[in-house]
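# Structure at a glance
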Amino acid sequence: MSSRGFITLGIDSEVDQIKYSYALALSIKQCDPSAEVCLVIDEGKTDELKQEYKDTFDYVVELPYGNTGSIDGIHASNFWQMIHCTPFDETIYVDSDVLFNHVDIDLLWDTFADRDIAMPSTALTYRTTPLGKDHKFYLETHFGLPTNFGNMIYFKRKSKVALSWFKMADAVFQNWEELYAAKFSERSPEFFEKNFLINVITSMMDMNNDVQIDIPYYYDMYSKGQGFWDNSESIDWVNELNHWYTSDGTLIIENSSISKGIIHYRNRAFITEGIIDVIKSTTNS
Amino acid sequence: MTAKDECGVCIFAYNNEKLDYIKFAHIAAKYIKKNTKYNKTCLITDESSKDWMDMSVDSTFHKECFDYVVTDEVKFKHNPRRHYDSPWSTFTAQFSNSNKDDIINLTPFEKTLLIDSDYIVQNNFYDYIFETDIPFAIHKTAEYLDHKPPRLPEQELNEAGIHHWWSTVVYFDQSDESKLFFDIWSHVKENWEYYSILYQFPKNLFRTDFCVSIAAHIMNGYNDFNFVHDFLSVPLVNADQKDDLVKINGVNDWVFMSADREVEWKTMLVRKKDANVHVMNKMAINRHADEILDSFIKENA
């Protein structure tokens, strides 16, 4: 049986950024204590990693080609290296600002089983309605690109299809500014935009039908897709919406409860020591 | 109560000084009799409205419309509601709806479709649900005559809040699930102020729509899952209070004047044929009541 596990990127700047990857790993293990999680960190930083982080992750690996985002500080641009450093035959890459919540991990793997590389094409709001894509993907829509969510990507390490996708990612992620200028000068994201680039890659590879998959419990807290009455303003949901993370690991936002799901919470202020403690306690119990 | 009949339709009617709900209920029941298969009917009212019925409704016509009459006195609770009659005329009248949640006990039927007295059923859409094991159902969405959605507070209870469901049509059986649904409805009613704060909706007017919205939300796992049946996602069609009824072409063929909600002087004629319509402008029904009943005579229906 091939090995399989989760991988996430955690690169510290001046503050502890790895705690988000840590919370993610704890939440995955809350769902399935036997699930394996790999943390990818900056080269030469293994010794500096906190012991509790080392104890939680099953693998800690350093970026094999160095931190290609070290100069501009855009560490997410190292995403292209994930296929080259994963210790697993089958991998689910997950952004660090994601939490798993009572997810059936075996079922999740089964969902991806017949794919070489795949990512969610739909997402839910905290009210379990379909996330509005108009604003989030307005550039993709303008250019006729795929509108997939690149925050969670499954791939098979030895698949030629997946390798070719990541080969293109190598070029795109290391030359994203040139790409914006050459291909999207008319209109492009203001800054580095990982999800946009992922959709560009999928388009370049003509693989949209191959990669898109529906995960019916994938939530995204993208503000302007939540169906608020005034969509012209972004809502800082952590500060503006009542929310609780209950002792049994259910996320409640306003009157709506997410008792099971993969939640891309986006706003890092959401992760407090209190929430980490709750996840830790439910993971250990 | 003796053993309940298998299937039927209930209609509440509590008159006030402005609106003759007894009359509306008879019209609604007449449509049920004509257009639906499970068409035993029950009027639920109070003694004073029944007295008015005995005086104002021909007994033969009443028997054509209703198989049962159940009286249930409601304790008066000040609940004034502002009504429109077209965009240009308004009036305020008491709205007595505080015992709607008790319908599960009041109904003489095992399987019941509860409709508002201003809900006109011109086709057999609801027949299917009596032939299922679905415990209860309510409409999840609504649209106006011009197919536009309701205003935002009638889509969600507040901007970040739960979905707004509609209590205009409620189907239920006598199952535990149905009883739980009505228990929650009653609980919300009895703790109205608390729930108005918790779910952030205006508390001034007691609305059964808010009660069923909360019950549906809770029974759907405190979210928007699909345990609660929503009549096959078919929307409730609301003829708004600002819309007017202008012509009765036939029993199942009505013409409305639909008012634009943004620009009130803009109106559009809308013909509804063999359609189910929630005619919220009750004065309009009142104005056309004779015409409506004449259409039954003309079509020998």
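This text goes with the structure placed above it.
Here's a quick rundown of the structure. Model, not experiment: these values are computed from the prediction.

On to the environment of B:Asp240. Residues and elements named next belong to chain B. Relative to the assigned elements, Asp240 resides in the loop between strand E11 (236-239) and strand E12 (244-250). In this structure Asp240 comes out as buried when scored by relative accessible area, which is 13%. Taking the C-alpha atoms as reference points, Asp240 and Pro87, 153 residues apart in sequence, are found 9.8 Å from one another. In this structure Asp240 touches Tyr144, Arg261, Met280 and Asn281, once residues within four positions along its chain are discounted.

The next point concerns the interface of chain A and chain B. In this assembly, 16 residues from chain A lie in contact with 17 residues from chain B. Across the chain A/chain B interface, buried area totals approximately 1,400 Å², and carbon plus sulfur atoms make up 46% of it. By the criterion of area lost to chain B, the three top residues of chain A are A:Arg127, A:Trp229 and A:Asn255, representing 57% of everything that side buries. For the pair chain A and chain B, the interface holds one salt bridge. For B:Glu156, the salt bridge is made with A:Arg127, and the minimal N-O distance between the two is 3.9 Å. The interface formed by chain A and chain B holds 13 residue pairs in polar contact (both at pLDDT 80 or more) in total. Looking at the side of chain A that touches chain B element by element, the count peaks at three residues for strand E12 (residues 256-258) of chain A.

Oppositely charged side chains are able to pair whenever their charged atoms sit close together. All names here are of chain B. On inspection of all chains with the given rule, the structure shows 29 salt bridges over all chains. With a closest N to O distance of 3.1 Å, Asp101 and Lys189 form a salt bridge. With a gap of 88 residues between them, Asp101 in the loop between strand E5 (90-94) and helix H4 (103-106) and Lys189 in helix H6 (residues 176-190) connect regions that are remote in the sequence. By relative accessible area, which is 19% here, Lys189 ends up buried. Put simply, Arg261 and Asp240 hold a salt bridge, and the shortest N to O gap is 3.7 Å. On the criterion of sequence distance, the pair formed by Arg261 in the loop between strand E13 (253-259) and strand E14 (267-273) and Asp240 in the loop between E11 and E12 is long-range, its members being 21 residues apart. Through salt bridges that share partners, Asp146, Asp240, Asp243 and Arg261 make up one connected network.

With that settled, consider the packing of aromatic side chains. Residues and elements named next belong to chain A. Across all of its chains, the model carries 49 aromatic pairs over all chains by this definition. Their ring planes at 0 degrees and their centres at 4.8 Å tell us that Phe112 and Tyr154 sit as a pair that is stacked. Of this pair, Phe112 sits in helix H4 (residues 105-112) while Tyr154 sits in strand E7 (residues 152-156), and the two are 42 residues apart along the sequence. Like Phe112, the residue Tyr154 is buried in the burial classification. Feature note: the residues Phe79, Tyr93, Phe143, Phe155, Trp165, Phe166, Phe173, Trp176, Tyr180, Phe184, Phe192 and Phe196 constitute an aromatic cluster, connected by ring pairs. Sitting over the face of the ring of Tyr222, Lys136 holds its NZ or CZ atom 5.5 Å from the ring centroid. Sitting over the ring of Tyr20, Arg268 keeps its end group 4.7 Å from the ring centre.

About the thresholds
Residues numbered from 1 in each chain as written. Chains lettered and ligands numbered in written order. Predicted model: local features only at pLDDT ≥ 70, side-chain atom pairs only at ≥ 80, totals over all residues. Heavy atoms only, no water. Helix = DSSP H or I, 4+ residues; strand = E, 2+ residues; numbered from the N terminus. Buried < 20%, exposed > 50% of the residue type's maximum accessible area, 1.4 Å probe, protein only. Contact = heavy atoms within 4.5 Å. Buried area = accessible area lost by both parts, 1.4 Å probe. Salt bridge = Lys/Arg side-chain N within 4 Å of Asp/Glu carboxyl O. Polar contact = N/O pair within 3.5 Å; in protein donor to acceptor, adjacent residues only side chain to side chain. Phe/Tyr/Trp six-rings, centres within 6.5 Å; stacked < 30°, edge-to-face > 60°. Lys NZ or Arg CZ within 6 Å of the ring centre and 35° of its normal.

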